Amino acid sequence: MDFLFSHLNIPKSATIEDLTNNLKKYCTESDIETVRLAYDFAATAHSGQFRKSGEPYIIHPLIAAFILSQIQAEPNIIIATLMHDVPEDTSVTLEEIEKNFGPDIANMINGITKLGKLKYRGMERYIENLRKLFVAMAEDIRVMIIKFADRIHNLSTLDSLPEKKRQRIALESMEIYAPIANRLGMGEFKSLLEDLSFKHLEPKEYTRVKKMREEKVAETNIYLKKIMDKLQTESTNAEVSFVNIHGREKSLYSLYKKLIRKNWDINNVYDIVAVRIIVKDVGDCYTTLGIIHRLWPPLKGRIKDYIAQPKPNGYQCLHTTVFCDDGKIVEFQIRTKAMHEEAEYGATVGHWNYDKSGHGQSKKDYNWAKELAKMQKEILNNLKDLEEMKVDFFRNHIFVFTPKGDVIDLPEDATPIDFAYHIHTEVGNKCNGAKINDQMVSLDSVLKSGDVVDIITDKNRKGPSQDWLKFVKTHAAKSHIKSALNTSKISWIKDLFDKKSS
Ligand code: MN
């Protein structure tokens, strides 16, 4: 799978043929046929719609799908990506998609539509939103992968949008999506999201850092080529064969952050271009480290064994920085192919990346539960210091959305009334009806994670109904209803007395 050794290509334009050419490398003929149908379906639905850039709208989902075809995402992900904006932006409904393409694809698209409704609303809600978003999307991680491709393409075409919208999308990507990509251990997505956002958030700094990196790359290119050749020869002599060896440029945003830490002294940043070596197993990793250290003396305190001690997001690799030929300082990164794929595209790569031999099998075989448990544990560990959290936070909770995209967490089996009181006491007291996902429902309906809940209030309503106490789940709703009922009882009795005395 040597596709993983090159960076993702985000083309300016693409055709369905470009997409299917990529798919031919790993998909069956019948899968590709469904991809074509999905493309036609989406193109028809979006016909007459144009991007701000002036191009037909379909170019956006097509390029997003093209991006994911490069990492050999399974056909259903590609199909869902092609249609990801259909329910939101066209008159074609999710039901029609489900009828034509089945529930698995419809569910993914539903997830994307919901994620789109979740808006970044400033730093104070950042941690809270991040955590909730994590849970909401963890139901199906494929949704997040589609969202990354969607975002990456949108970010790469931001220029045609008005300044304010550009800033919001860039900030949202930087503050929410990039950290999630990082948390999922998807290094390539994280770097792309960061660098594309950085360009719009700090244009001057972006240009400055880009220029610095270009100069450094130009300066060291020939030198590094020689170093790599030398190492290649030595390893062949030692009977270690490299799967791949290449120069890895540090991403602009992480270089920027490092330059700030180093007072902009570029000579103190040793990994602007690192030499990355991919080998076949862990044994070869250490052998290669030995070969490097025999050739060139390592800098003190710069050997990092992330294989024995992986980073919290699962990152595994050996890093060492050495005094190379002519006293130049060079960083080497050594990892196995599996470690490399995980580092660039996530630990779940094996789950959503398509396995031809598993063709025709139910996609329910995904081991999400285990991955999810791991992620949640890790998120809890990371957030422990930032806020007080109950250990059972994720258990017995559902996450629903306001029509504006805010996430509200409620206990399992909560109803629209619980939701209304969670928003505001008066919204609860004046609640006269509710819509779930645009459908009118009864007030005792049970909410499910991902539902968009819209409360209809009536300002003339006297107060809550006694009956509500029979089905509400939250303590807050119960106590508000009781106190409102008591107040109205008191005022009713008062009214009665007032009338009698008059
Ligand atoms: Mn989109």
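Once a new chain begins, its residue numbering starts again from 1 and follows that chain's sequence as written. With the structure being a predicted model, the display of local features is reserved for residues of pLDDT at least 70 and the display and counting of side-chain atom pairs for 80 or more, all residues being used for whole-chain, interface and lining totals. To obtain the side-chain values, all non-hydrogen atoms of the structure were used and water was disregarded.

A. Quick peek at the coordination of the manganese ion. Around the manganese ion, the protein contributes the donor atoms His60 (NE2), His84 (NE2), Asp85 (OD) and Asp150 (OD), at 2.2 to 2.3 Å from the metal centre. Coordination shells were defined by N, O and S atoms within 2.8 Å of each metal, extended to 3.2 Å for Na, K and Ca; water is absent from the atom set, which can make sites look incomplete. Counting gaps between the donor residues of the manganese ion yields the pattern H-x23-H-D-x64-D. Remark: Asp150 occurs in helix α9 (residues 141-156) and His60 occurs in helix α3 (residues 59-70); sequence separation between them is 90 residues. Both residues of the pair, His60 and Asp150, belong to the buried class. Helix and strand definitions here come from DSSP, where helices need a minimum of 4 consecutive H or I residues and strands a minimum of 2 consecutive E residues; each element is numbered from the N-terminal end. Burial classification: accessible surface area is computed with a 1.4 Å probe over protein chains only, and a residue below 20% of its type maximum counts as buried, one above 50% as exposed, and the rest as partly exposed.

B. The pairing of strand β4 (residues 318-323), seen in detail. Burial within β4 is extensive, with five of its six residues counted as buried. Pairing between strands is defined by DSSP: at least two bridges between them are needed. Of the strand pairs in this sheet, strand β3 (residues 304-305) and β4 are connected by two bridges, and their pairing is antiparallel. Considered in β4, the bridge of Asp305 is made with Leu318. Where β4 lies against strand β5 (residues 329-336), six bridges are found, and the strand directions are antiparallel. Bridging across to β5, Leu318 finds its partner in Ile334. Counting the residues between successive antiparallel strands, the hairpin from β4 to β5 contains five residues, one of them, Asp326, with a positive phi of roughly 60 degrees.

C. A look at unusual backbone geometry. Unusually for a residue other than glycine, Asn263 sits at a positive phi of about 55 degrees. Tracing the sequence through the fold places Asn263 in the loop between α13 (252-261) and β2 (273-279). Take Asn263: its relative accessible area is 67%, and that puts it in the exposed class. Even without being glycine, Asp438 reaches a positive phi, approximately 75 degrees. Along the polypeptide, Asp438 turns up in the loop between β8 (431-436) and β9 (439-441).

D. Highlighting a positive patch on the surface. Side chains of Lys257, Arg261, Lys262, Lys304 and Lys311 sit close together on the surface and give a patch of like positive charge. Within the fold, Lys257 resides in helix α13. Lys257 sits in the partly exposed class, given a relative accessible area of 35%. Nonpolar side chains (Val, Leu, Ile, Met, Phe, Trp, Tyr) are joined into patches within 5 Å and like charges within 9 Å, using only residues with over 30% relative accessible area and no salt bridge. All accessible-area figures derive from a Shrake-Rupley calculation using a 1.4 Å probe, and residue coverage is judged against the displayed protein chains alone. By definition here, a salt bridge exists when the distance from a side-chain nitrogen of Lys or Arg to a carboxyl oxygen of Asp or Glu is within 4 Å. For the charge count, each Lys or Arg is scored as positive and each Asp or Glu as negative, with His and the chain ends excluded. Charged side chains are reduced to one point each, which is NZ for Lys, CZ for Arg, CG for Asp and CD for Glu.

E. Broad picture of the packing of helix α12 (residues 203-237) against helix α14 (residues 282-295). Every axis corresponds to a line fitted to the C-alpha atoms, with the helix fit spanning only the stretch in contact, and the corresponding angles, defined between N-to-C directions, vary from 0 to 180 degrees. The geometry of α12 relative to α14 is characterised by a closest axis approach of 10 Å and an angle of 120 degrees between their N-to-C directions. One finds that α12 runs oblique with respect to α14. The two elements α12 and α14 meet at a crossing, and its hand is right-handed. Contacts between α12 and α14 involve Lys230, Leu231, Glu234 and Ser235 on the former and, on the latter, Ile291, Ile292, Arg294 and Leu295. Note that Gly is not counted as nonpolar here; it falls among the polar residues with everything else outside the nonpolar set of Ala, Val, Leu, Ile, Met, Phe, Trp, Tyr, Cys and Pro and the charged set of Asp, Glu, Lys and Arg. Looking at the contact of α12 with α14 residue by residue, the class counts come to four nonpolar, one polar and three charged. Oblique is the label for any angle not covered by the other classes, which are roughly parallel (under 35 degrees), roughly antiparallel (over 145) and roughly perpendicular (65 to 115). We call a crossing left-handed when the near helix sits turned anticlockwise from the far one by less than a right angle, and right-handed when that turn is clockwise. What makes two residues a contact is simply this: any of their non-hydrogen atoms within 4.5 Å.

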